[in-house]
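Working through the structure, step by step
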Amino acid sequence: MFVRMVKTKTGKRTHCYLRVVESYRSNGRVRQRVLWNMGKWERVRPGLAGLVKSLSRFSGKQFLTVGEIKARWVKEYGNILLLKHLWEGSGFRKVLESSLGPRVSCVMAMVFHKLCRPAAYTGGSATLSGWLERVYLPEAERLVRLGQGRLRKVLLKSMDSLGRLEWPSRGGPVARQRKGNLPGRPYCVVEINPVSSRGKVYRGGYLATLPLGSNGMTGCKVYARKELQSLLQELKDTRGVLVARYSTLGRDGVAFMDKESIPYLAFLRESRKVRRRHRRKYLTFKYNNQKVCLRTNIASKTTPYKAKRAFRGLLETEEALGWPAIPPFVPPRGAYLKGYILVSILAHLLDKLLQKGLPGAAATQATKTAEVMDTLKETRVVSNLLAGKRCDYLTG
């Protein structure tokens, strides 16, 4: 059955009538018969909407008018879906939830924000609040409803709680010695200094220790700058190779590693004049058309290719941790600084997991996490109100 409009002419005037018509087959031909003559279209037009709504009750389906459909919001979801999969698969949520409780959602929001907007990341509540309004993250919806002042307090409390957690004292598993390769697992040591809102950089920053490479997912530690001696001794026990800047280690640190035979790679940005008796400890190579000087006590096992790979890993680690200074949003006190560094470490490890899962052709240095996030954010969640009922669906 269907409704058909029939037009008739009376002189110069045209009349339109609505009829309910049924199709049937007779002698192999399709014919139509009128079941109900509804009358002139001009007369029945005002009541058609009510008639359709009344008939829909008996059809088992609900028909909506344009006025009953209201758009609520459109939010990015593709990038969040990928990050949540990595967050759950790595076990970070399970470990942090047992210690932080409901504050783990705030830590997760800070980690995701740092990965999705690395260029604009300052750690402040204003940028995080604006970003949360554009993404679909149900676990952090309560943060959107907070004002700037309350959100800042929640972020600081979360970083303080994260910084006070007891983390493993070991630097990671001991790697086997392989002939011809660097002994043990390489570890990056990055020095970060807090900065005040007026631009003042505080001395005596923090040393963040991270395993170099996408396969190393353990050994995340944060030391105070004065604990460099204990850090070096720990790396000696784990037979790891220390990768850092020469300015981070200093003369005393380098002398201690030479004395204790701790393998290290200490990079200097520009070439320097080296005394003849120390030349065997230095190597020089080019990275992005810039001359880089390297001091090491394992020169016989370090090729230019390995030196470039280690330096690239150091630059990536420094970029992830916000080297050389922590944003002014973070107060220059121990637990807050440690919490911020641990948020950066979690983001860095998720980034490594993401790069490891990319196809071989795409997993090059030119492929950045930001490009992947920008591509995936085109997949969005659309929320509408249909006759007073909320309806969310994916589009992309």
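Residues numbered from 1 in each chain as written. Predicted model: local features only at pLDDT ≥ 70, side-chain atom pairs only at ≥ 80, totals over all residues. Heavy atoms only, no water.

This part takes up the overall build of the protein. When helices and strands are tallied, the protein shows 13 helices and 14 strands. Residues counted as buried form 43% of the 396 residues belonging to the protein. Residue pairs at least 24 apart in sequence account for 57% of intrachain contacts in the protein once pairs closer than 6 positions are excluded. Surface summary for the protein: the accessible area is close to 23000 Å², and the carbon and sulfur share equals 51%. (Helix = DSSP H or I, 4+ residues; strand = E, 2+ residues; numbered from the N terminus. Buried < 20%, exposed > 50% of the residue type's maximum accessible area, 1.4 Å probe, protein only. Contact = heavy atoms within 4.5 Å. Areas by Shrake-Rupley, 256 points an atom, 1.4 Å probe, with all protein chains shown as cover.)

The 3 strands are arranged E1-E2-E3 in an open sheet whose pairing can be described as antiparallel. Each of the sheet's edge strands pairs with one partner strand only, and the pair in question is strand E1 (2–10) and strand E3 (29–40). Each neighbouring strand pair of the sheet contributes to a mean axis angle of 40°, computed without reference to strand direction. As defined by bridge partners, E1 adjoins strand E2 (residues 13–26) across 9 bridges and the pair is classed as antiparallel. Along E2, the bridge assignment pairs valine 6 with tyrosine 17. (Pairing = 2+ DSSP bridges. Axes fitted to C-alpha atoms, helices over the stretch in contact; angles between N-to-C directions.)

Judged by side-chain polarity, Met1, Leu35 and Trp36 come together as a nonpolar surface patch covering roughly 390 Å² of accessible area. Positionally, methionine 1 belongs in the segment before E1. (Patch = residues over 30% accessible without salt bridge, like charges linked within 9 Å, V, L, I, M, F, W, Y side chains within 5 Å. Salt bridge = Lys/Arg side-chain N within 4 Å of Asp/Glu carboxyl O.)

This part is about a positive patch on the surface. A contiguous patch of positive charge on the surface is contributed by Arg103, Arg150, Lys153 and Lys157. Residue class for arginine 103 comes out partly exposed when judged on its relative accessible area of 32%. (Lys, Arg positive; Asp, Glu negative; His and termini not counted. Charge placed at Lys NZ, Arg CZ, Asp CG, Glu CD.)

Sheet architecture is open: 3 strands sit in the order E4-E13-E14, paired in antiparallel fashion. Edge positions in the open sheet fall to strand E4 (69–76) and strand E14 (389–395), since each of these has one partner strand only. The sheet shows a mean angle of 20° between the axes of neighbouring strands, direction not considered. Two elements, E4 and strand E13 (residues 380–386), share 7 bridges in a ladder whose sense is antiparallel. When the bridges of E13 are listed, isoleucine 69 appears paired with leucine 386.

The subject of this paragraph is the pairing of strand E7 (residues 221–224). The side chains of a regular strand alternate between the sheet's two faces. Burial along E7 is two-sided: the face carrying Lys221 and Tyr223 and the face carrying Val222 and Ala224 are both buried. Judged from the 4 bridges that link them, strand E6 (residues 206–211) and E7 form a sheet pairing that is antiparallel. Directly across from leucine 207, in E7, lies its bridge partner tyrosine 223.

Let's shift gears to the packing of helix H8 (residues 148–163) against helix H12 (residues 334–357). For the pair H8 and H12, interaxial distance at closest approach is 7 Å and the crossing angle is 90°. Viewed along their axes, H8 and H12 adopt a mutual orientation that is roughly perpendicular. Listed contacts from H12 to Leu156, Met159, Asp160, Leu162 and Gly163 of H8 are Ala335, Tyr336, Lys338, Gly339, Tyr340, Leu342 and Val343. Residue composition of the contact of H8 with H12, by class: 8 nonpolar, 2 polar and 2 charged. (Parallel < 35°, antiparallel > 145°, perpendicular 65-115°, else oblique. Nonpolar A, V, L, I, M, F, W, Y, C, P; charged D, E, K, R; others polar.)

With that settled, consider the packing of helix H5 (residues 104–116) against H12. Across the interface, H5 lies against H12 with an axial gap of 9 Å and an inter-helix angle of 60°. The orientation of H5 relative to H12 falls into the category oblique. Seen from above, H5 lies across H12 with right-handed handedness. From H5, Val107, Met110, Val111, Phe112, Lys114 and Leu115 reach across to H12, where they touch Tyr340, Val343, Ser344, Leu346, Ala347, Leu350 and Asp351. Among the residues forming the contact of H5 with H12, the class breakdown is 10 nonpolar, 1 polar and 2 charged. (Left-handed = near helix turned anticlockwise from the far one by under 90°.)

Any link to function would need more than the numbers given here.
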